[in-house]
Amino acid sequence: MPVEDVVVRHHSHVPSKGRHQPVTSYRIQVSPDFDFAAVEAIVPYLASLGITDVFFSPILQAAPGSMHGYDVVDHERISADLGGIEAFRSVSRAIHDTGMHLIVDIVPNHMAVPTPLYRNRALWSALRDGEDSPYRTWFDISLSDSGDGLLMPVLGDRIGKVLATGEITIEKMVVPGFEEDGPTQVVCYYDHVFPVRRGTEALPLAELLDAQYYRLAHWRVANEEINYRRFFDVDTLAAIRVEDEGVFRQSHALLIELFEEGLIDAFRIDHPDGLADPRGYFRNLHEASGGAWSVAEKILEGEETLPTDWPAAGTTGYDTLQRLQGLFTAPEGLPALTQLYGEMSGSTDSVATVEVKAKRQIVATSLFAEVDRLASLLAAICHSDVRLRDHTFRSLRDVVVELVVHMDRYRAYVVPGERPDPEDERVLRAAAERAARNLDADRQESLDVVIDILLGNEIGSAGRTHESRRNEVIVRFQQVCGAVMAKGVEDTTFYRYTALTSANEVGGGPSHFTTTPDQFHDFQTRTHLTWPVTMSTLSTHDTKRCEDVRARIAPISQYAQEWIATLTQARDLVADERPADLDGQMENLLWQTLIGTWDGGPIEQRRLEDYLLKAAREQKSWTTWTEQNEAGEQGMLDYASAILSDDDALALLADFHELTRAATRTMILSQKAIQMTAIGVPDTYNGEEVTQTSLVDPDNRRPVDFTGLAKMLAKLDRDGLPSSPSLDQEKLWFTSRLARLRRELPELASAECGYQALPVSTGYALAFARTRADQAILATVAMRHVPEFAGEYTVVLPEGSWLNVLTGAELEGGTRDLAEVLGRFPAAVLEKIDA
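Quick caveat: nothing in here was measured; it's all calculated off a predicted structure.

### Some details on the sheet that holds strand β9 (residues 183-189)
(1) Moving on: Strand order in the open sheet formed by 3 strands is β8-β9-β10, and the pairing between neighbours is antiparallel. This sheet does not close on itself; its edge strands, each paired only once, are β8 (168-174) and β10 (192-195). Recorded for the sheet is a direction-independent mean angle of 40° between the axes of neighbouring strands.
(2) Moving on: In this sheet, β9 lies alongside β8 in antiparallel orientation, the contact comprising 7 bridges. Directly across from Met 173, in β9, lies its bridge partner Thr 184.

Printed below as a string of structure tokens:
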């Protein structure tokens, strides 16, 4: 890569001059149960921990009862449930008074469709006033007299029956947020309230409903006829057109105002892949904020990289998480675990086959309407062009289905009117090659047409390349691909292919079980060249299980035969309780979840049951969220209860936990040491400075005992680590010592601080240095397996004198015994004394 190209890319991938650069962040899940005032109370603790940046989940007004904030209803207000604007100002000032800064999560892709609807002023206004509404351009809908209007699938039965039973009524009320209008007519259906279009108030009920800018419908209609862009398949999250400059300005005005006031310093961007123009969004944000640090919640598949023309700092860190996870998974155990999975599940399908089947199911069910809408657009394009007219809707729909299910990443980034990037063209053509294997010759001709349209190529009659419908289909195809990928892989495949569930993580998956040290070094080197201040993470609110649960599951790969023996005996003990129709994929997930959440004993039954129900419904094989197999679900829960009640089965799990204790400790501490010293800005998630047993949301939003954490940290600072510390104490020691080190060495989060692999004589360990002006200033050495494997191995440290910041030991550079460098821990972080 030419040096000048690196410089140019760095220039747009680091904050502009005068803008803040985070060094170490701490993610706080703000909620009505943990509001701004509660955060303010823990600011001294976070400062003591060594954090430079507090990272808030969304702070704008969300839907009633929201516990996460991603269902925004009002961009002009800071959440009253969190304390409102004054409480936000107070907590921000408290954070800044300690020298820390504040990162805020932005949700640009969607807003909530709340109950009652008037909670979303923008949507209420648009559906009441149509083209006369100041919010008429906000939503991805047509506000005209033609068509059905925005589909509102909220009815418990078909509308004819609901009308006949009188469940829909017209009432008069003063609508909250629109008090200036006085009493106005509204449409009511139980807790739902909808506006009445001006001028239609006197119509009979059926005609009045038919005249609105929305259409009330049975909830089952959504999967087949939804006519607005959603967040994946969530009917209550409607996408907004943030690509419109006016919508961007209006929806970001308050956050930018607070940024300019100095109360916000940086941004995390939620789900940019859902946007019509992600690059355009980041350019707008970069301009509006004067080049603030921002990262994209972007899932990169395999060796995919973030588009380099995005003026952003990088991703939220799933790409780093995947590589770190893979470092601690032993390849030699995977064949036996895969065989065990096959025996329990009865499945011989490869991961790729499971993914394609899952995506086909999604396309045929929850995202049917999105795919159908895309095919209809293509059919209209072809029908309007005499040269393309013989490509039928059915043929085009078959093509779209095959293309979507064979995309191997969330989306391409083709921009209408621009020549596609060669990588984006390669991705689309590779998907087309895979799709063609399932299409006959006639359909393959349609496939060629569709690919040319999606790439913006000249096809059909001359001069039609840049027609609005062709541009629309380019954008919508990419948006649909992301939704199908997310629902088919993250939310389905990860609950089906359960050979080793520690790998089934956002940004990774069972196609990416392992990472070699060389692969990790290569990834870090490439990341430094282009995204030197990206974020890294081990746990987020979206991860399927927290870092410590994964660290208890991953050692199964190192002790595969022992795990198989344990599982065989334990299953025999509860064989009489196992339902004959129990899904084997779910049973394998259940046992691994039990060992992953083992913390002095098994997980609480209520938490386990809640998790299993969510996992089974996400799996979508024998029960779903909309078609629940109550008998099957109860049988699964009864089986889980039988395991939790069987002392002998639990004793076997306890024995396995003890067998793998050292390996678990190694992974927990080593991956923390690597994350905290590698390229980028390491984020710690809400309580993960000590060990946790958190599973998928909402389990990972349980309260954190910050008072207890503050006391533990204060005692460690006063007395040091005890001779026989708990793993919680050790993890907090690592997190605090390394966060404080980063605070003293802020250049670690900069383009100027390089990365260099260090020689180590065993693949059981990983070692690297961080450099300044080509001189090593920090070295990290970490075991990938239990410390006993350090044996007679050596590591070559850079020349000079070094201080182990975790133990206080001093040593000289050169070839050193690995065990001596590590000392009492499975990882060492060394600071150069004379740097």
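There is more to say, and it comes next.
### Concerning the packing of helix α21 (residues 584-596) against helix α24 (residues 647-659)
(1) Moving on: In the contact formed by α21 and α24, the axes pass within 10 Å of each other and the chain directions differ by 60°. In terms of axis orientation, α21 runs oblique to α24. Every pair of crossing elements has a handedness; the one defined by α21 and α24 is right-handed. When α21 is examined against α24, the residues Trp 591, Leu 594 and Ile 595 are found in contact with a partner set consisting of Leu 653, Phe 656 and His 657.
(2) Moving on: When the residues that make up the contact of α21 with α24 are grouped by side-chain class, the tally is 5 nonpolar, 1 polar and no charged.

### Overview of the pairing of strand β21 (residues 775-783)
(1) Moving on: Burial analysis of β21 places 8 of its 9 residues in the buried class, which makes it a mostly covered element.
(2) Moving on: The antiparallel hairpin formed by strand β20 (residues 765-772) and β21 contains 2 residues in its connecting segment, where Ala 773 sits at a positive phi of about 55°.
(3) Moving on: Of the strand pairs in this sheet, β21 and strand β24 (residues 827-832) are connected by 5 bridges, and their pairing is antiparallel. In the strand pairing of β24, Leu 778 is matched with Glu 831.

### Examining helix α4 (residues 121-129)
(1) Moving on: Summarising burial for α4: 8 of the 9 residues are buried, a large majority.
(2) Moving on: Every buried residue of α4 is listed here: Ala 122, Leu 123, Trp 124, Ser 125, Ala 126, Leu 127, Arg 128 and Asp 129.
(3) Moving on: Buried residues in α4 make contact with β7 (150-155), β9, β10 and β11 (214-218).
(4) Moving on: For α4, the N-terminal capping position is held by Asn 120, with its side-chain oxygen 3.2 Å away from the main-chain nitrogen of Ala 122.
(5) Moving on: The positive-phi residue at the C-terminal boundary of α4 is Gly 130, with phi of around 55°.

### Let's talk about the nonpolar core
(1) Moving on: With 94 residues, the main nonpolar core has Ile 28, Phe 56, Phe 88 and Ile 674 as its most contacted residues.
(2) Moving on: At 8 residues, the largest contribution of residues to this core is made by helix α2 (residues 36-49).
(3) Moving on: Apart from residues lying up to four places away in sequence, Phe 56 is in contact with Arg 27, Ile 28, Val 30, Phe 36, Val 39, Phe 88, Val 91, Ile 95, Leu 102, Ile 103, Val 104 and Asp 105.
(4) Moving on: Judged by nonpolar contacts, the second largest core, of 55 residues, contains Leu 334, Leu 500, Trp 591 and Trp 598.

### Side note on the domain arrangement of the protein
(1) Moving on: Parsing the protein into structural domains produces domain 1 (25-109 + 242-316), domain 2 (117-239), domain 3 (353-490) and domain 4 (752-834).
(2) Moving on: Using only C-alpha atoms to locate each centre, domain 2 and domain 4 end up separated by 63 Å.

### Regarding the layout of surface pockets
(1) Moving on: For the second largest pocket, the calculated volume is near 760 Å³.
(2) Moving on: Looking at the second largest pocket, it is lined by 39 residues, and the ones nearest its centre are Thr 305, Leu 306, Pro 307, Thr 308 and Asp 309.
(3) Moving on: Those elements that provide at least two residues to the lining of the second largest pocket are α9 (278-288), α10 (318-327), α15 (422-436), α17 (468-490) and α18 (517-530).
(4) Moving on: Looking at the lining of the second largest pocket element by element, the count peaks at 5 residues for α18.
(5) Moving on: For the lining of the second largest pocket, the per-class residue count stands at 17 nonpolar, 7 polar and 15 charged.
(6) Moving on: When residues of the lining of the second largest pocket are assigned to domains, at least three map to each of domain 1 (25-109 + 242-316) and domain 3 (353-490).

### A few points about the packing of aromatic side chains
(1) Moving on: With the rule as written, the count across this model stands at 19 aromatic pairs.
(2) Moving on: Taken together, a centroid distance of 5.0 Å and an interplanar angle of 25° make the contact between Tyr 755 and Phe 768 stacked. Of this pair, Tyr 755 sits in strand β19 (residues 753-757) while Phe 768 sits in strand β20, and the two are 13 residues apart along the sequence. For the pair Tyr 755 and Phe 768, one class covers both residues: buried.
(3) Moving on: Every member of this aromatic cluster is reached through a ring pair, and the members are Phe 248, Tyr 281, Phe 282, Trp 310 and Tyr 413.
(4) Moving on: A cation over a ring is seen here: Arg 121 above Phe 178, with NZ or CZ 4.9 Å from the ring centre.
(5) Moving on: Its end group placed over the ring of Trp 733, Arg 737 keeps NZ or CZ at 4.0 Å from the ring centre.

### Considerations on helix α12 (residues 351-364)
(1) Moving on: An ideal rise of 1.5 Å per residue puts 20 Å on 14 residues; α12 measures up with 20 Å between its terminal C-alpha atoms.
(2) Moving on: Where α12 is concerned, the buried positions are Val 351, Val 354, Glu 355, Val 356, Ala 358, Lys 359, Ile 362 and Val 363.

### Brief notes about the sheet that holds strand β14 (residues 266-269)
(1) Moving on: As summarised here, the arrangement of the 8 strands in space is β16-β15-β14-β5-β2-β1-β18-β17, forming an open sheet in which the pairing is parallel. Edge positions in the sheet fall to β16 (314-315) and β17 (535-536), since each of these pairs with one other strand and no more.
(2) Moving on: Two elements, β17 and strand β18 (residues 681-685), share 2 bridges in a ladder whose sense is parallel. Among the inter-strand pairings, Ser 536 is bridged to a residue of β18, identified as Pro 682.
(3) Moving on: Set on the sheet, helix α3 (residues 84-97) makes contact with β2 (53-56) and β5 (101-106); between it and β5 the angle comes to about 135°.

### A few points about the state of the cysteines
(1) Moving on: In the structure shown here, the tally under the stated rule is 0 disulfides.
(2) Moving on: Summary of cysteine pairing: Cys 481 is not part of a disulfide, and the nearest cysteine sulfur, belonging to Cys 382, is at 17 Å.

### Brief notes about the side chain of Gln 322
(1) Moving on: Along the polypeptide, Gln 322 turns up in helix α10.
(2) Moving on: With relative accessibility at 9%, the residue Gln 322 sits in the buried group.
(3) Moving on: Among residues more than four places away in sequence, those in contact with Gln 322 are Gly 302, Gly 507, Gly 508, His 512 and Thr 515.

### Thoughts on the pattern of salt bridges
(1) Moving on: This structure, assessed with the given rule, holds 59 salt bridges.
(2) Moving on: For the salt bridge of Arg 241 with Glu 243, the shortest nitrogen-to-oxygen distance reads 3.7 Å.
(3) Moving on: The closest approach of N and O atoms between Arg 397 and Asp 372, which form a salt bridge, is 3.0 Å. In this pair, Arg 397 is assigned in helix α14 (residues 393-405) and Asp 372 in helix α13 (residues 368-383), connecting sequence segments 25 residues apart.
(4) Moving on: Residue class for Arg 397 comes out buried when judged on its relative accessible area of 15%.
(5) Moving on: Here the salt bridges do not stand alone but share partners, grouping Arg 27, Asp 105, Arg 268, Asp 270 and Glu 297 into one network.

### A word on unusual backbone geometry
(1) Moving on: A cis geometry characterises the amide bond from Thr 115 onward to Pro 116, with omega recorded as -5°.
(2) Moving on: When you line up the elements, Pro 116 lands in the loop between β6 (110-112) and α4.
(3) Moving on: Here the bond from Asp 697 into Pro 698 is cis, since omega is 5°, no more than 30 degrees from zero.
(4) Moving on: The residue Pro 698 is located in the loop between β18 and α26 (706-719) in this model.
(5) Moving on: Despite not being glycine, Tyr 190 has its phi angle at roughly 50°, a positive value.
(6) Moving on: If you trace the backbone, Tyr 190 turns up in the loop between β9 and β10.
(7) Moving on: In this structure, Asn 686 is a non-glycine residue whose phi angle is positive, near 20°.
(8) Moving on: Taking relative accessible area as the criterion, Asn 686 reaches 10% and is therefore assigned buried.

Quick notes on the rules
Residues numbered from 1 in each chain as written. Predicted model: local features only at pLDDT ≥ 70, side-chain atom pairs only at ≥ 80, totals over all residues. Heavy atoms only, no water. Pairing = 2+ DSSP bridges. Helix = DSSP H or I, 4+ residues; strand = E, 2+ residues; numbered from the N terminus. Axes fitted to C-alpha atoms, helices over the stretch in contact; angles between N-to-C directions. Parallel < 35°, antiparallel > 145°, perpendicular 65-115°, else oblique. Left-handed = near helix turned anticlockwise from the far one by under 90°. Contact = heavy atoms within 4.5 Å. Nonpolar A, V, L, I, M, F, W, Y, C, P; charged D, E, K, R; others polar. Buried < 20%, exposed > 50% of the residue type's maximum accessible area, 1.4 Å probe, protein only. Polar contact = N/O pair within 3.5 Å; in protein donor to acceptor, adjacent residues only side chain to side chain. Core = buried A, V, L, I, M, F, W, Y, C linked by side-chain atoms within 4.5 Å. Domains from an automatic or database assignment. 1 Å grid on protein atoms, 1.4 Å probe; cavity = no way out; pocket = protein on both sides within 12 Å on 5 of 7 lines; lining within 4 Å. Points joined across faces, edges and corners; volume = space filled by probe spheres on them. Phe/Tyr/Trp six-rings, centres within 6.5 Å; stacked < 30°, edge-to-face > 60°. Lys NZ or Arg CZ within 6 Å of the ring centre and 35° of its normal. Expected span 1.5 Å × (residues − 1). Disulfide = S-S within 2.5 Å. Salt bridge = Lys/Arg side-chain N within 4 Å of Asp/Glu carboxyl O.

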